[in-house]
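# Descriptive structure summary
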Amino acid sequence: MFTFKKKQTATTLEKIPNHIGIIMDGNGRWAKKRLQPRVFGHKAGMDALQDVTIAASDLGVKVLTVYAFSTENWSRPDDEVSFIMNLPVEFFDKYVPKLHENNVRVQVIGELAHLPEATLDAMNRAIAKTKHNSGLVLNFALNYGGRSELVEATKQIAQAVQKGELDPAAINEDTIASHLMTSELPYLYRDPDLIIRTSGELRLSNFLPWQSAYSEFYFTKTLWPDFKRDGLYEAIKEYNQRQRRFGGV
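The structure reproduced in this document is the subject of the present report. This structure is a prediction, so every number in the text was calculated from the model and none was measured. (Residues numbered from 1 in each chain as written. Predicted model: local features only at pLDDT ≥ 70, side-chain atom pairs only at ≥ 80, totals over all residues. Heavy atoms only, no water.)

### Points about helix α4 (residues 117–130)
The terminal C-alpha atoms of α4 lie 20 Å apart, and with 14 residues this matches the ideal 20 Å at 1.5 Å per residue to within 8%. Three or more residues of α4 are buried, namely Thr119, Ala122, Met123, Ala126 and Thr130. Mapping the buried residues of α4 onto a view down its axis gives an arc of 95°, with all of them on the same face. (Helix = DSSP H or I, 4+ residues; strand = E, 2+ residues; numbered from the N terminus. Expected span 1.5 Å × (residues − 1). Buried < 20%, exposed > 50% of the residue type's maximum accessible area, 1.4 Å probe, protein only. Arc of directions from axis to C-beta.)

### Brief notes about unusual backbone geometry
Phi at Ser205 takes a positive value of approximately 55°, unusual for a residue other than glycine. Looking at the secondary structure, you find Ser205 in the loop between β7 (194–197) and β8 (216–219). In this structure Ser205 comes out as partly exposed when scored by relative accessible area, which is 30%. Non-glycine residue Leu208 carries a positive phi angle of around 50°. Note that Leu208 resides in the loop between β7 and β8. The exposure class of Leu208 is buried, given its relative accessible area of 0%.

### Re the packing of aromatic side chains
According to the stated counting rule, one finds eight aromatic pairs in the structure shown. Between Phe91 and Tyr95 the ring centres are 6.1 Å apart and the planes differ by 20°, which places this aromatic pair in the stacked class. Taken as a pair, Phe91 and Tyr95 lie in helix α3 (residues 78–101) at a separation of four residues, close to a single helical turn. Here Tyr95 falls in the buried class, since its relative accessible area comes to 2%. Against the face of Tyr239 rests Lys15, its NZ or CZ located 5.8 Å from the ring centre. Looking at Arg125, its charged tip hangs above the ring of Phe92, at a distance of 4.1 Å from the centre. (Phe/Tyr/Trp six-rings, centres within 6.5 Å; stacked < 30°, edge-to-face > 60°. Lys NZ or Arg CZ within 6 Å of the ring centre and 35° of its normal.)

### Observations regarding the pairing of strand β4 (residues 63–70)
With seven of eight residues buried, β4 is to be regarded as a mostly interior element. In this sheet, β4 lies alongside strand β3 (residues 19–23) in parallel orientation, the contact comprising five bridges. Bridged to His19 within β4 is Val63. Bridge count between β4 and strand β6 (residues 137–144): seven bridges; the pairing is parallel. Looking at β6, one finds that Phe69 is bridged to Leu142. (Pairing = 2+ DSSP bridges.)

### Topic: the packing of α3 against α4
Where α3 contacts α4, the axes come no closer than 7 Å and their chain directions differ by 15°. Here α3 lies roughly parallel to α4, going by the angle between them. Viewed along their axes, α3 and α4 form a crossing whose handedness is left-handed. When α3 is examined against α4, the residues Met85, Pro88, Val89, Phe91, Phe92, Asp93, Val96 and His100 are found in contact with a partner set consisting of Ala118, Thr119, Ala122, Met123, Arg125, Ala126, Lys129 and Thr130. (Axes fitted to C-alpha atoms, helices over the stretch in contact; angles between N-to-C directions. Parallel < 35°, antiparallel > 145°, perpendicular 65-115°, else oblique. Left-handed = near helix turned anticlockwise from the far one by under 90°. Contact = heavy atoms within 4.5 Å.)

### Side note on helix α5 (residues 146–162)
Here α5 spans 24 Å end to end across 17 residues, near enough to the 24 Å set by a 1.5 Å rise per residue. Every buried residue of α5 is accounted for by Gly146, Glu149, Ala153, Ile157 and Ala160. The arc enclosing the buried residues of α5, seen along the axis, measures out at 65°, which places them on a common side. Away from the buried face of α5 by more than 90 degrees, exposed residues Arg147, Thr154 and Gln162 are located. Downstream of α5 by a residue or two, Gly164 has a phi angle that is positive, lying close to 80°.

See below:
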């Protein structure tokens with residue numbers, strides 16, 4: 001149970017999601033409102049991410065998966081893509097020390113082989129520095145696409161069948177889940193309990209389509225750089241009002 005105060009009111013959060021997924025949307029619009037280039041918004045978005053991560057850690061969230069860059073985002077302007085690809089370098093230097101102090105462990109999912117060398121090196125350094133931490137897992141979805149993930153999982157399963165290592169009749173949901181990128185997360189926390197999307201858009205945009213089958217969704221018009229700690233509390237407050245049935249009654 002966790003109680004937070006906002007504007008002289010107190011709210012008790014009895015149910016804390018074990019795994020929260022966040023589609024961090026609205027950086028560009030946030031910058032445009034301030035007559036700044038879109039990259040200015042991405043930089044502010046990193047500050048918001050640190051604030052939300054520490055807040056989630058304080059609440060007892062086990063996994064925070066953030067949609068940092070999709071496989072479709074390569075179609076954005078070259079200068080914006082280059083800036084985003086450089087953010088992990090700044091992330092390691094500026095943000096990892098604070099997260100490390102808070103016992104946060106960094107992980108990454110996505111088609112990592114296609115990332116620039118400097119980007120991949122920065123993420124690997126963050127993973128190595130925090131690998132012994134036992135607190136919240138900050139799981140970056142970087143160059144990630146849900147449909148591509150399912151295609152790759154299907155190929156791996158087909159290869160196992162072809163080699164005689166797997167009986168097709170034995171394939172079940174656990175078989176598929178074990179071949180997804182989220183299989184590296186703690187078993188009980190692979191699927192998000194709550195998915196948050198900022199900026200007012202009402203879609204998943206290829207984010208964890210298999211894992212989100214029974215997730216609760218929370219959409220807010222708040223742009224990501226403005227979301228921060230209070231935004232997370234409001235989302236979990238709404239989550240506490242939901243009754244999760246998982247297909248039952």
